[in-house]
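# Commentary on secondary and tertiary structure
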Amino acid sequence: MTERERPLAGRIALVAGATRGAGRAMAVELGRAGATVYVTGRTTRSRVSEVGRTTETIEETGELVTAAGGEGIAVPTDHLEQDQVRALVERVDREQGRLDILVNDVWGADHLLDVGFTRKLWELDLRQGLRMLRLGVETHIVTSYFALPLLIRNPGGLVVEVTDGTAESNSKYREEFFYDLAKYAPLRMAQGLADELKGFDCTAVCVSPGFLRSEAMLDTYFEVTEENWRDGIAKDPNFAISETPTYLGRGVAALAADPERARWNGRSLDSGGLAREYGVTDVDGSQPDSWGFIAKTAAGEQVDVADYR
């Protein structure tokens, strides 16, 4: 493959939370662009995390990265365990001597959600709510704390915080107290780190997928597969604007390869915006704009899904 086809050759990436979904796809697409990618998560072939899914493992993600043309290195890691994260970063340093791209995508808290977003704070399970904050916020902080000293060793580093929604779409309350906090925090982290990294020629951004057709969304919530996903539209018409995890993965890989990515420092970008900026598409050749569609429909406007794919 040519240098143009492998713009991230020689780059070292760490994707924290790469077992499945957007994290897995970002890791694979970074590998496809030539990067060596350390992929982490809690679900392995011998251990299942509290998420309870056995169909995706961190070892499989590493293999997918390698199959795509990169080098995938799976390191089972619980990002709430500081000793494990410290050891992870020390291993990257020992084996590579550098870190160029850090993707903070740890989540694993869907099972703690108040389905339907119907209850007030005082009606929620406090233990579950605080666990959600630990999984979705503390993990990102711990990972950055240990990884950033390695990332800033060389100029040009990139930090990607991953959340659900952009600064604009998250400016309104997300209707569930703990989820709202967990998904707004990465936006503030990217803003804060953007300021702290200025003197090191490094960039921090926050990215979000749209209506994501993750493995769990497909088989658990809609009871469909990627092959017949459109059958899920009968359950929720908005599913027509959904996208595969690869869509965000391609956008993030293009962002990482952009020599002028510093212009995005401190900003939030969604998969549709990344696609328009870098010309990438979803696997079917479309360019879904989920958040644009959601904004219009939330405002009561009648829109055609076809205009947003």
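Refer to the structure above for everything that follows.
Since this is a predicted model, take the numbers as computed values, not measurements. (Residues numbered from 1 in each chain as written. Predicted model: local features only at pLDDT ≥ 70, side-chain atom pairs only at ≥ 80, totals over all residues. Heavy atoms only, no water.)

### As for the overall build of the protein
Scanning the protein for helices and strands turns up 9 helices and 7 strands. For 309 residues, the compact-globule estimate of 2.2 N^0.38 gives 19 Å, and the C-alpha radius of gyration of the protein, at 18 Å, lies within 12% of that figure. Taken along the three principal axes of its C-alpha coordinates, the protein extends 50 × 45 × 40 Å. When burial is assessed residue by residue, the protein has 52% of its 309 residues classed as buried. (Helix = DSSP H or I, 4+ residues; strand = E, 2+ residues; numbered from the N terminus. Rg over C-alpha atoms; globule rule 2.2 N^0.38 Å. Buried < 20%, exposed > 50% of the residue type's maximum accessible area, 1.4 Å probe, protein only.)

### What about the pairing of strand β4 (residues 101-104)?
Side-chain alternation along β4 places Ile-101 and Val-103 on one buried face and Leu-102 and Asn-104 on a second face that is also buried. Direction of pairing for β4 relative to strand β5 (residues 158-162): parallel, over a ladder of 4 bridges. Note that in β5 the partner of Leu-102 across the bridge is Val-159. Crossover β4 to β5 through helix α4 (residues 126-151) is right-handed. (Pairing = 2+ DSSP bridges. Right-handed = clockwise from strand over helix to strand, strands pointing away.)

### A closer look at helix α9 (residues 290-298)
Of the residues making up α9, those classed as buried are Ser-290, Trp-291 and Phe-293. Viewed along the axis of α9, the buried residues span an arc of 155 degrees, placing them on a single side of the element. (Arc of directions from axis to C-beta.)

### Focus on the pattern of salt bridges
As enumerated under the stated definition, the model contains 22 salt bridges in all. One salt bridge connects Arg-32 with Glu-29, and the closest N-O pair in it is separated by 3.1 Å. With Arg-32 and Glu-29 both in helix α1 (residues 21-32), this residue pair falls 3 residues apart, about one helical turn. For Glu-29, a relative accessible area of 9% corresponds to the buried category. (Salt bridge = Lys/Arg side-chain N within 4 Å of Asp/Glu carboxyl O.)

### Digging into the packing of aromatic side chains
Counted by the stated rule, this structure contains 9 aromatic pairs. Ring geometry for Trp-107 versus Tyr-179: centroids 6.0 Å apart, planes at 75 degrees, classification edge-to-face. With a gap of 72 residues between them, Trp-107 in the loop between β4 and α4 and Tyr-179 in helix α5 (residues 177-196) connect regions that are remote in the sequence. Exposure class is identical for Trp-107 and Tyr-179. Each is buried. Note on Phe-211 and Phe-239: the rings are 5.3 Å apart at their centroids and 65 degrees apart in plane angle, and the pair reads as edge-to-face. Pair noted here: Phe-211 is in the loop between β6 (203-208) and α6 (215-221) and Phe-239 is in the loop between α6 and α7 (245-257), with a separation of 28 residues, a long-range link. Comparing Phe-211 with Phe-239, the two get one shared label, buried. Three or more aromatic residues joined by ring pairs form one cluster here, namely Phe-211, Phe-222, Trp-229 and Phe-239. The ring of Trp-229 has Arg-213 sitting right over it, with the charged end atom 3.8 Å from the ring centre. (Phe/Tyr/Trp six-rings, centres within 6.5 Å; stacked < 30°, edge-to-face > 60°. Lys NZ or Arg CZ within 6 Å of the ring centre and 35° of its normal.)

### Comments concerning the environment of Ile-73
Along the chain, Ile-73 turns up in strand β3 (residues 71-76). Look at Ile-73 and you get buried, because its relative accessible area is 11%. Along the chain, Ile-73 and Leu-133 lie 60 residues apart, while their C-alpha atoms are 28 Å from each other. Not counting residues within four places of it along the chain, the set of residues in contact with Ile-73 comprises Thr-36, Val-37, Tyr-38, Val-39, Arg-91, Glu-95 and Gln-96. (Contact = heavy atoms within 4.5 Å.)

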